[in-house]
Structures are given as C-alpha cells and as structure tokens.
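Listed here are the chains, written in short residue letters.
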Amino acid sequence: MYLATGFEVIKENLPIILPILVVELILLITALTHVLRHHTYRFGNKIMWVLIVVFLQIIGPVIYFAIGRGDE
Amino acid sequence: MRAYIAFTKKEWVESIRTYRLFILLAVFFVLGIMNPLTAKLTPTLLANFAPEGMVVEIPTPTALDSWIQFHKNVPQMGLFVLVIMFSGAMTGEYNKGTFVNMVTKGLKRRTIIFAKFTMSVLLWTMSLLLCFGLSSYYTAYYWNLDGFTQILQSVICVWLFGILLLSMLLFFGAVVRNGYACMMFTGGMVVIFFLLNMLPSLQKYNPVYLVGSCQSLITGELVMSDFTASIIISIVFVVLSIVGSVLCFDRKKL
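Note that the coordinates shown come from a computational prediction; the quantities given were computed from them, not determined experimentally.

A.B. asks: With reference to specific residues and values, describe empty space enclosed by the protein.
C.D. replies: Residues and elements named next belong to chain B. For the structure shown, the criterion picks out one cavity of 30 Å³ or more. What the largest cavity holds in volume is close to 130 Å³. In terms of lining residues, the largest cavity is bounded by 17 residues, among which Phe-86, Ala-89, Lys-116, Ser-120 and Leu-170 are the most central. Put simply, the parts of the chain that give the lining of the largest cavity at least two residues each are helix H1 (2–17), helix H6 (109–142) and helix H7 (148–175). Top contributing element to the lining of the largest cavity by residue count: H6, with five residues. Here the residues of the lining of the largest cavity are counted per class, giving 10 nonpolar, four polar and three charged.

Structure follows, in structure tokens:
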C-alpha cells in the first residue's frame, strides 16, 4: 500500500483543509480582539483568556464568547 | 402579532451582537467539513502511525463513513455548543432586567417565549443546514450521494432532537434564574433519557433514539416508520415544554 507523507496528504486535500483553517483563524482573531479590547470578564483574567483562545482550537473562542465574555 | 415580529427582530439583533450567530455558524461550518475529511483521512493517518513492518488491513473509506462521522460529531459537539450558546437566552435578561420595561409597557409574556423559541429554532436550522450542505458537498466530491432520501431523513431526526433540547432550555430558563442551572437541568434531562435508553422495551419511544439510531436509516437497517413513536414523543415533549414555559413565565417575578 502506498504511504503518503504528511505534506502530500495536506497538498492532496487542500481544497477541503483550507476552508477549515480560514474559519478557525477568523474565530481566533475575532475572539482575540474581543479579549484584548474588553477588560471585564465573568471570571479569570486577560492572560488566561488569551491562552485559552489561542491554544484551544475552536473550543477556546466558543468558551470565551459563551461563558467568559463580560457585560459591557 | 406586531409585537411578536418586533421581539423576534430584537432577538435576531441580539444573536448578532452577542456573537451567538457567528459562533454557531463557524462551529457548524468546521463540523460540516470535518465529517468527510475525517472519514477520508483516518486510514492514511492510521497507516502513517502504524509501527514499522506491521501490516494493517484498512478498508477504503466510503460515503457511509462520512455520514457516520456526521452522526457522531453533530449530536456530540454540535448539540453541546448549541446548548451552551442558548443556555443564557432567558436568564441573561433576568440578570440585566431588560424584560421589566417591555412587560410593563404591555408586551405579552407569552410573546417573549414564542419569539425566543422561533429565533433559537431558526438559528439551529440555519446551522444544521450549513453543516449538512457542506458535508453533502464534500461527500459528493470524494464519493457519491447515494441514498440521499435516507440521509435527509436521518438529518431530520437530528434536527428534531435539537428542537427538543432548545424547548427544554426555554422551559428551564423560565423556571430558574441562573444560566448554568438551566444548562445543568437540560443536561440532566438528556442523562435521564440516556438512562431510560438502557431499557430495551422503551428504546423505540425514547427521543434519544432519534440521534442514537438514525444512522441505521442510512445503512438500511431501519426505515422512517421505526421512528414514528420517538418522533411523536419528542413533539409532545416540545409542545409540553413550550406550554410549561408560558405557564411558568406568567407567574415569574422578573
């Protein structure tokens, strides 16, 4: 059986991987700007939320907007 | 009727400003693409991670694997995100006191319930359509869309279960004042459904049957008429939840 290397797999499936990356990036940037521009959170502090948003793919921004975002 | 339309519009604006719409669409977008992709890449990944010299027999992925992923990811990750995003829909407004003004100006309390329910169902439908559309597109891109009617029926089952969750969220939102409590009670109901699912004689009547067994529609093991009982029970639950929320909300101190 032919074993594709990681790079070849990505190249082959680029039309399907690219949209996922783009959406993840949009989520990340939206959440990150929101974290940095607002100073009140329901709990936790700025550093904690930046780490959560940046390192937890997809789930991080969801958690932030759902339970971390403070009221203006 | 005018009040209902106005309040629904307000809900729409709210879901944009609280990023609810954005999050739901983004998550279901990613889920929709992930389903066929996971099905397609799993054999390659397994082959690459297998130890040197080991012969792994891996069947070639088919369209069915993609839909199995769909019915694994959407009920777990998708419905989980849906519940988290809507758990504060009622309770957030108690805390901010935004209901008081509108109710004292003559907005009927039941209008609030109906408008909230309409908007949550609308957002859920949009998200699921997006996810289903992308999954179908990429499944057709890699394989084919044979048996599309059965696939559509299985997605309708998932959709109905989502509506059931939303109506329960609304009901518990009308009963308790805290968003987390609302989420916990809804989660508790789902756990009860899953526990009841252990009794084989009740399985066919259980709403969980809709998400648990609907992939058997695609494989052809079950047909739509096998789901009639659980569909009827689910609809009864939805109606009861809505009526219950109207009754509880009418007596609630805002």
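A.B. asks: Residues and numbers for the packing of aromatic side chains, please.
C.D. replies: Per the stated rule, a full pass over the model turns up 22 aromatic pairs over all chains. When the ring of B:Tyr94 is compared with that of B:Phe99, the centres are 5.8 Å apart and the planes differ by 65 degrees; the resulting orientation is edge-to-face. Among the residues examined, B:Tyr94 registers a relative accessible area of 7% and is labelled buried. Taking the relative accessible area as the measure of exposure, B:Phe99 reaches 1% and is therefore buried. Feature note: the residues A:Tyr41, A:Phe43, A:Trp49, A:Tyr64, A:Phe65, B:Tyr19 and B:Phe22 constitute an aromatic cluster, connected by ring pairs. Its end group placed over the ring of B:Phe249, B:Arg109 keeps NZ or CZ at 5.7 Å from the ring centre.

Parameters and conventions
- Residues numbered from 1 in each chain as written.
- Chains lettered and ligands numbered in written order.
- Predicted model: local features only at pLDDT ≥ 70, side-chain atom pairs only at ≥ 80, totals over all residues.
- Heavy atoms only, no water.
- 1 Å grid on protein atoms, 1.4 Å probe; cavity = no way out; pocket = protein on both sides within 12 Å on 5 of 7 lines; lining within 4 Å.
- Points joined across faces, edges and corners; volume = space filled by probe spheres on them.
- Helix = DSSP H or I, 4+ residues; strand = E, 2+ residues; numbered from the N terminus.
- Nonpolar A, V, L, I, M, F, W, Y, C, P; charged D, E, K, R; others polar.
- Phe/Tyr/Trp six-rings, centres within 6.5 Å; stacked < 30°, edge-to-face > 60°.
- Buried < 20%, exposed > 50% of the residue type's maximum accessible area, 1.4 Å probe, protein only.
- Lys NZ or Arg CZ within 6 Å of the ring centre and 35° of its normal.

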